[in-house]
Amino acid sequence: MKSPYEKMMIARNIARPNFYSFVKAVFDDFLELHGDRYYGDDSAIAGGLAHLEGRSVTVIGTVKGNSTNENIQRNFGMPSPEGYRKALRLMQQAEKFKRPVICLIDTPGAYPGVGAEKRGQAEAIAKNLYHMMSIKTPAISVITGEGGSGGALALAVSNKVYMLENAVYSVISANGFASILWKDAKREKEAAEIMKMTAGDLLGFGVIDKIIPEHPEGAHVSPHITFEALKKELSEDLEELSRLTPDEIYRSKYDKFRSFGIYEEY
Amino acid sequence: MLRNMFKKTRYATIPVKPSPVIPKAPDDSERLDTASRLKQICDVNTFRPMFENIKTCNPLNFEGYEEKIAALQEKTSVTEGVTTGVCKIGGIRTCIAVMDSNFLMGSMGSVVGERLFRLFEYATENKLSVVVFCASGGARMHEGIFSLMQMAKVSAAVQKHSQAGLLYISVLTDPTTGGVTASFAMLGDIIIAEPNVLVGFAGRRVIESTINEQLPDDFQKSEFLLKHGFIDLICKRSEIKNTISKILKFHTGVIES
């Protein structure tokens, strides 16, 4: 049994299958579509059309590189506002043509940069949360590696949310958690242990719906196990979700997210 | 004299007139507590709190969290990071929420999210406008993933309220950052900011360490957001009530003269 910290390190492994590996193995006929139609084309988010077991879908995801050079080109999987706006454009296009949406998420978080702030990083994420909720075609999000905060949530307001066995999903990085709450970023490992960021924790909380299995040492060792399992779960859930009416799709998603939170009521 | 001016040493020491001592004008970026804010905005004796019965838990069993909350409840006049309720503003019945930076930096955990969610639902059912005074460091770390989920939850309620054709005014006060900016703060039909307040997504220090340089002083200030097109107007504190009243009147149909 791996500790949360060990899982986090597996989730960050540079050899971990990235967006394009998943798309190639799980989907057919991927056609990438670019641009947000406002400003640019973010290389940290990709998306396009694909078939999943013969069904047309829109697939979108954050993209990390499998080498330092690739990572520099992909901004280490940290999206800019135009990435979120491209994702939203493709989701709304999917809704128009009644295609389901699949989002694959592996990001340390939204990019904290000057340009990103100038072009409204917060506004872009907020608009995704707002519009994803109202999209009336089935949507499934999968945290494949790191689910870093609002930058991950902006692609994860879906009917179903899965996590890979060694993926992590959290409100902030373990490093950030330690530096804010203990003023000591070096206590990252300790933070990872108490943050409850693993797939098992989040399944227990009801925040995610399914865990996709991995090779014991991580998905990079033997990715086909993960690819096959993911394909099967996506196909089955899409089949089930496709029987819902547009209103049922919205209502069930609204009720799902409405239920999140732990508080007492007198 | 003139020659002295060109001496290198003079550059830094040209005598500057001592600035006269001006009595300090009230600073609009000074952080207000909830009671003062409600007093400034609501018509006299019209505020009725709602959802005060929703109380904080400790979902991650984070050490010292309950004690911290209890101490803050003792120290401040509020029970959590947001106070929600109904009031009248310029005679118009309105839902109002005020976040309080004195309460764990107005951070959003489950209680803040739940109170805001219910306020928007109440407003939708009763066809009321909502005014939210944002002041927050973002998501509350102590509640982990549940804090993150409040961003989606509150945004969902905002969306439903909007779909019903109702008005939401978001007022950005010092500071509005992180997950609050990246959810309901940026979703107002009309977004007002107080002058010279901090509004942004990522923290200044995080950005500085990412890009490895110092940021200008006006970075992530209200004026910066106005310039880049992300807010509708900047409004002095003394004029906020009037401005909100005016906006509410634009949305009530026939104006009584």
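Up top you'll find the structure we're talking about.
Residues numbered from 1 in each chain as written. Chains lettered and ligands numbered in written order. Predicted model: local features only at pLDDT ≥ 70, side-chain atom pairs only at ≥ 80, totals over all residues. Heavy atoms only, no water.

**Quick look at the state of the cysteines**
What we call a disulfide is simply a covalent bond connecting the sulfur atoms of a pair of cysteines.
So, point 1. Per the stated rule, a full pass over the model turns up zero disulfides over all chains.
So, point 2. The structure places no disulfide on Cys87(B), whose sulfur is separated from the nearest cysteine sulfur, that of Cys42(B), by 3.5 Å. (Disulfide = S-S within 2.5 Å.)

**Points about the interface of chain A and chain B**
So, point 1. Counting from both sides, the interface comprises 50 residues of chain A and, opposite them, 52 residues of chain B.
So, point 2. When the two sides are added together, the surface that chain A and chain B hide from each other amounts to roughly 4500 Å², 73% of it contributed by carbon and sulfur.
So, point 3. Per-residue buried area on chain A facing chain B is highest for Glu117(A), Tyr130(A) and Val171(A); these three make up 15% of the total on that side.
So, point 4. In this structure, the connection of chain A to chain B is made through two salt bridges. (Contact = heavy atoms within 4.5 Å. Buried area = accessible area lost by both parts, 1.4 Å probe. Salt bridge = Lys/Arg side-chain N within 4 Å of Asp/Glu carboxyl O.)

**A short note on helix α12 (residues 246-258) of chain A**
So, point 1. Over its 13 residues, α12(A) extends 18 Å from the first C-alpha to the last, a length consistent with the 18 Å expected when each residue adds 1.5 Å.
So, point 2. Close packing links the buried residues of α12(A) with α6 (121-134), β6 (160-164) and α11 (223-241) of chain A together with α4 (110-125) and α5 (144-163) of chain B. (Helix = DSSP H or I, 4+ residues; strand = E, 2+ residues; numbered from the N terminus. Expected span 1.5 Å × (residues − 1).)

**With respect to the sheet that holds strand β4 (residues 92-99) of chain B**
All names here are of chain B.
So, point 1. In space, the seven strands of this open sheet follow the order β1-β3-β4-β5-β6-β7-β8, with mixed pairing throughout. The open sheet has two edge strands with one neighbour each: β1 (48-50) and β8 (233-234).
So, point 2. In this structure, strand β5 (residues 129-136) lies alongside strand β6 (residues 168-176), joined through six bridges in parallel fashion. Paired with Val131 across the strands is Ile169, a residue of β6. (Pairing = 2+ DSSP bridges.)

**Considerations on the layout of surface pockets**
In this approach, a probe sized like a water molecule rolls over the atoms, and the result shows the empty space that is left.
So, point 1. Empty space within the largest pocket amounts to approximately 1700 Å³.
So, point 2. If you go around the largest pocket, you meet 47 residues; those closest to its centre are Ile172(A), Ile180(A), Met141(B), Gly203(B) and Val206(B).
So, point 3. Elements represented by at least two residues in the lining of the largest pocket include exactly α7 (149-153) and α8 (174-181) of chain A together with α5, α6 (178-181) and α7 (204-211) of chain B.
So, point 4. Taken together, the residues that form the lining of the largest pocket break down as 20 nonpolar, 21 polar and six charged.
So, point 5. Taken as a whole, the second largest pocket holds about 300 Å³ of empty space.
So, point 6. Lining the second largest pocket are 23 residues; nearest its centre among them are Arg12(A), Lys64(A), Thr107(A), Pro108(A) and Glu146(A).
So, point 7. Of the residues forming the lining of the second largest pocket, the biggest block, three residues, is contributed by strand β5 (residues 139-148) of chain A. (1 Å grid on protein atoms, 1.4 Å probe; cavity = no way out; pocket = protein on both sides within 12 Å on 5 of 7 lines; lining within 4 Å. Points joined across faces, edges and corners; volume = space filled by probe spheres on them. Nonpolar A, V, L, I, M, F, W, Y, C, P; charged D, E, K, R; others polar.)

**A look at the pairing of strand β7 (residues 190-193) of chain B**
All names here are of chain B.
So, point 1. Of the two faces of β7, the one lined by Ile190 and Ile192 and the one lined by Ile191 and Ala193 are each fully buried.
So, point 2. Sheet topology note: the β6/β7 ladder contains four bridges and is parallel. Residue pairing across strands places Ser170 opposite Ile191, the latter belonging to β7.
So, point 3. Relative to β8, β7 runs parallel, the two sharing two bridges. By the bridge assignment for β8, Ile192 is matched with Leu233. (Buried < 20%, exposed > 50% of the residue type's maximum accessible area, 1.4 Å probe, protein only.)

**Let's talk about unusual backbone geometry**
So, point 1. That bond from Asp174(B) to Pro175(B) is cis: its omega, -15°, falls within 30 degrees of zero.
So, point 2. With respect to the element layout, Pro175(B) can be found in strand β6.
So, point 3. Phi angles above zero are rare outside glycine, and Lys183(A) is one such case at about 55°.
So, point 4. In this fold, Lys183(A) is placed in the loop between α8 and α9 (188-194).
So, point 5. Accessibility expressed as a relative area gives 71% for Lys183(A), which makes it exposed.
So, point 6. The backbone of Asn45(B) sits at a positive phi, close to 55°, despite the residue not being glycine.

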